[in-house]
Amino acid sequence: MSGLSGAPSTSSTSLTYNHNHSGGGGAESHEGAQEATPGGNSTSSVFGLFSTDLKKNDDLKQMLESNKDSSKLEAMKRIVGMISDGKNASELFPAVVKNVASKNLEIKKLVYVYLVRYAEEQQDLALLSIATFQRALKDPNQLIRASALRVLSSIRVPIIVPIMMLAIKEASADLSPYVRKTAAHAIQKLYSLDPEQKDMLIEVIEKLLKDKSTLVAGSVVMAFEEVCPDRIDLIHKNYRKLCNLLVDVEEWGQIVIIHMLTRYARTQFASPWLEEGESWEMTTKSFYESDEEKDVDANQKRPYVMDPDHRLLLRNTKPLLQSRNAAVVMAVAQLYWYLAPKSETSTVAKSLIRLLRSHREVQYIVLQNIATISIQRKGLFEPYLKSFYIRSTDPTMIKTLKLEIMTNLANEANVSTLLREFQTYVKSQDKQFAAATIQAIGRCATNISAVTDTCLNGLMCLLSNSDDVVVAESVVVIKKLLQTQSSHHSDIIKHMAKLLDKITVPMARASILWLIGEYCERVPKIAPDVLRKTAKSFTNEDDLVKLQIINLAVKLFLTNSKQTKLLTQYILNLGKYDQNYDIRDRTRFVKQLIVPNEKSGALSKYAKKIFLAQKPAPVLESSFKDREQFQLGTLSHTLNTKATGYMELSDWPGVAPDPSVRNVEPSEPVKKITMLEMANTEKSSDKFYSDSEEKEKGSDESSETESESEEDSDNEKESSSEHSDASSSAESESESDEGSSKKKK
């Protein structure tokens, strides 16, 4: 304890000594601290950690203030390295800002990288350099222009909104696509700072949407989704261009564009899911109809034909299923799920299965989406059933999702294989996974009647398992299965009643008591004895079990009051003074119903109908059933709750809107016409002389061309011995002399 208590004091004295004496004195005090402390190693290592940090920052400040560009560049590299390691470098802001106007491009780039990170925290100091950033917006280097705009948009102060707006407008017309891309990113920052600039920003977005560069496309669509996602009219003219550029856009831009085009397609195209002629058929027909009405009816029965633009989107996104980016594959998968005809969605399955070889985080998201898809379309993933078999290295979250999918894919053909798999999984050391497997067996038994008895027998065998969790879950599932079966299962109930003494898990005990109470008429000898045993342990039971003991007592009192009247009164008296208010309230309520007296109301006559009514069988269904309301691949689907910013996918329109809105006037033919017109005007302007003069002029020109060709051949021979520059000048002089002599002749 003495060594530990002494360490801080020693380090603090040495720190003060370092502060007072610079240079070599600091080193001497450091050595002295190591010698003076009994636990020298631990103290010096802790002290060394802090001293090097302080020293390092001092060195960096000195390097940034030096006159040499090399030392400044080295300092900036180290500072950016600190930022990438997650260390705080904000105290160096004043020293870094001084170099914002450096003439060295490498230093300037790194300074801008630093300012983008800390401009929002140090707004006052960053505002002092606004003039420098504005000058940098006109720098010849595109990286400097883009970095200046990025820093400017990172200073989140309302005063500079007009400057930012002007900078974004200028950058959107920049010759460099990289600068235009940065302008698209700045739009989102400016909109979050001042939403009132929305109209002006929409104009910039509209301009950038027409950009043909693949570098800009993803960023401007992201700005569109952030600022004005409901302005579908801005997409019409650019729809085909975006579809064609999609393959060449960078990966994260592809994801944004695909999600936007999914929303767009659901509002602009007719549903491809309707059967042929179904969407065009008239629901009612009049008995008396004219020939014109018959013609109209025949036209309305024409089969569904997919819009060429709809097909263009599906065709251009299909190659992206082979993308190396899992998010791109997932985006295309959801696009096909919501937009493609049912017959074409099978192409998605293989790509999603490929993603199951990725990291566990990617597997988790993909498996969640597969689980939702497999509920509606089992056939998609049935050929890949073995891909969902569980490995021992899988984490629990992956195991349970794979189990969910296998249960969804279960049918009469593959259920025997799956049950053999489940038999192995039940023995797993992972208790949560083993419990989930038992629930999966119960779902298979409910959904496939051919294996119900087999599953029940298997679950009964699990009741003798040494693990309490497995036994408890088996009891709960058996209880649910017995509710769904109409046949008498008195043997199973008797067996479970015998296990009541061994089972300690409250949920399992409560389930057994509920079963005995529900089917007490089938086990008339066992039920009163179970009530007698539980009455002894009533005060020590869990609250959940106490409630079921009271229910069992009431049901036996109503069906077999001779044997159980006194027991019921005893249990009700215990419950009347229980510590839990739920149990006390339930006891008083039940007593008034089953033991009629003067104060009892009219309900006491209907006690049997209330307590012994036929209960509806529980529905064992997938936990992913309710996730269908959320779009695949979204955060809301993963969380199973509506996240901020979630936009619901609209339904297909009854009648597809006019496709001509996506037509773009061709620009190339217009250019050709103008060129022809210019040629014609030039020819007409040449006809200034008469025809005879034109002929003479033509003969002169022909003779000139012949002589020029001869001269060129002579010059080529001479150029082999002379220098190229001298020959070219001599050639031009000879041509001019020859032309003048001919004119004199």
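Conventions used here
- Residues numbered from 1 in each chain as written.
- Predicted model: local features only at pLDDT ≥ 70, side-chain atom pairs only at ≥ 80, totals over all residues.
- Heavy atoms only, no water.
- Helix = DSSP H or I, 4+ residues; strand = E, 2+ residues; numbered from the N terminus.
- Buried < 20%, exposed > 50% of the residue type's maximum accessible area, 1.4 Å probe, protein only.
- Salt bridge = Lys/Arg side-chain N within 4 Å of Asp/Glu carboxyl O.
- Phe/Tyr/Trp six-rings, centres within 6.5 Å; stacked < 30°, edge-to-face > 60°.
- Lys NZ or Arg CZ within 6 Å of the ring centre and 35° of its normal.
- pLDDT = per-residue confidence, 0-100.
- Contact = heavy atoms within 4.5 Å.
- Patch = residues over 30% accessible without salt bridge, like charges linked within 9 Å, V, L, I, M, F, W, Y side chains within 5 Å.
- Areas by Shrake-Rupley, 256 points an atom, 1.4 Å probe, with all protein chains shown as cover.

## Remarks on unusual backbone geometry
And step 1. Of note, the phi angle at Asn 640 is positive, near 60°, even though the residue is not glycine.
And step 2. Within the secondary structure, Asn 640 sits in the loop between helix 33 (635-639) and helix 34 (668-686).
And step 3. For Asn 640, a relative accessible area of 24% puts it in the partly exposed group.

## Re the pattern of salt bridges
And step 1. Evaluated as defined, the whole model comprises 23 salt bridges.
And step 2. Between Asp 233 and Arg 231 there is a salt bridge; the shortest N-O distance is 3.0 Å.
And step 3. Residue class for Asp 233 comes out partly exposed when judged on its relative accessible area of 42%.
And step 4. One salt bridge connects Asp 501 with Lys 533, and the closest N-O pair in it is separated by 3.5 Å. Here Lys 533 lies in helix 28 (residues 526-536) and Asp 501 lies in the loop between helix 26 (490-498) and helix 27 (506-518), a separation of 32 residues in the sequence.
And step 5. Lys 533 gets classed as partly exposed once you look at its relative accessible area, which sits at 38%.

## So, the packing of aromatic side chains
And step 1. Under the definition given, this model contains ten aromatic pairs.
And step 2. With a centroid separation of 5.4 Å and an interplanar angle of 45°, the aromatic rings of Tyr 425 and Phe 433 are classed as tilted. Residue Tyr 425 shares its accessibility class with Phe 433, and that shared class is buried.
And step 3. These aromatic residues form a ring-pair network of at least three members: Phe 93, Tyr 114 and Tyr 118.
And step 4. Above the ring of Trp 273, the side-chain terminus of Lys 342 is found at 4.5 Å from the ring centroid.
And step 5. The lysine or arginine in question, Arg 662, covers the ring of Tyr 239, its NZ or CZ lying 5.7 Å from the ring centre.

## Here we look at the confidence of the model for the protein
And step 1. In this model, the protein carries a mean pLDDT of 79, and residues with pLDDT of at least 70 account for 77%.
And step 2. The least confident element of the protein is helix 1 (residues 2-20), whose mean pLDDT is 40; the most confident is helix 18 (residues 326-339), at 95.
And step 3. Low pLDDT, under 50, characterises residues 294-301; the predicted model gives this stretch ten contacts beyond four residues in sequence or across chains.
And step 4. Across residues 681-699, where pLDDT falls below 50, the model places four contacts with residues more than four positions away in sequence or in other chains.

## Quick word on a nonpolar patch on the surface
And step 1. A cluster of nonpolar side chains, contributed by Leu 603, Tyr 606 and Ile 610, occupies part of the molecular surface with about 290 Å² of accessible area.
And step 2. With respect to the secondary-structure elements, Tyr 606 resides in the loop between helix 31 (581-594) and helix 32 (607-611).
And step 3. Assessed through its relative accessible area of 43%, Tyr 606 is described here as partly exposed.

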